[in-house]
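Summary of the model geometry
The lines below spell out each chain.
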Amino acid sequence: GTCTIDGGFVCLQLLDEHGHPRDFAPAKDWWNITGQSAHKWDARIRSNGGDSWCVCATCASEIVDKVGCHAMPIRCNATNKQDIFGINL
């Protein structure tokens, strides 16, 4: 799938190759870092047969500040770059 949601969303890999929440920082997955542990939706991602989710680009940029770009597995081919950048890339 692709993140075709209007409003600035990027496709971000949240699960590892075994279907478990992947760490973005030592012992901290997306839900820990964003303070959303009580609302973890990793089972929903697995039930869809995937490992990624459309996340708010603003949230993603805030996490980049905490963990660095190298820790952010953005799936560019599934991200609506036109919506994010306002141009065709």
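Please read these numbers as outputs of a predicted model, since none were measured by experiment.

Rules of the game
- Residues numbered from 1 in each chain as written.
- Predicted model: local features only at pLDDT ≥ 70, side-chain atom pairs only at ≥ 80, totals over all residues.
- Heavy atoms only, no water.
- pLDDT = per-residue confidence, 0-100.
- Helix = DSSP H or I, 4+ residues; strand = E, 2+ residues; numbered from the N terminus.
- Phe/Tyr/Trp six-rings, centres within 6.5 Å; stacked < 30°, edge-to-face > 60°.
- Buried < 20%, exposed > 50% of the residue type's maximum accessible area, 1.4 Å probe, protein only.
- Arc of directions from axis to C-beta.
- Contact = heavy atoms within 4.5 Å.

Side note on the confidence of the model for the protein
Of all residues in the protein, 97% have pLDDT values of 70 or greater, and the mean over the chain is 88. The weakest mean pLDDT in the protein belongs to helix α4 (residues 81–85) at 76; the strongest belongs to helix α2 (residues 42–47) at 96.

Thoughts on the packing of aromatic side chains
Counted according to the given criterion, the structure contains three aromatic pairs. Ring geometry for tryptophan 31 against tryptophan 41: centres 5.3 Å apart, planes inclined by 80 degrees, an arrangement best described as edge-to-face. Here tryptophan 31 is found in helix α1 (residues 30–34), whereas its partner tryptophan 41 is found in the loop between α1 and α2, with ten residues between them in sequence. Judged by relative accessible area, tryptophan 31 falls into the buried class, the value being 0%. With relative accessibility at 18%, the residue tryptophan 41 sits in the buried group.

A short note on helix α3 (residues 57–67)
Among the residues making up α3, those that are buried are Ala60, Ile63 and Val67. Around the axis of α3, the buried residues are gathered within 60 degrees of arc, so they sit on the same side. The inward-facing, buried residues of α3 contact β1 (9–13), β2 (23–25), α1 and β4 (52–56). Positive backbone phi, at 90 degrees, marks glycine 68, one or two positions downstream of α3.

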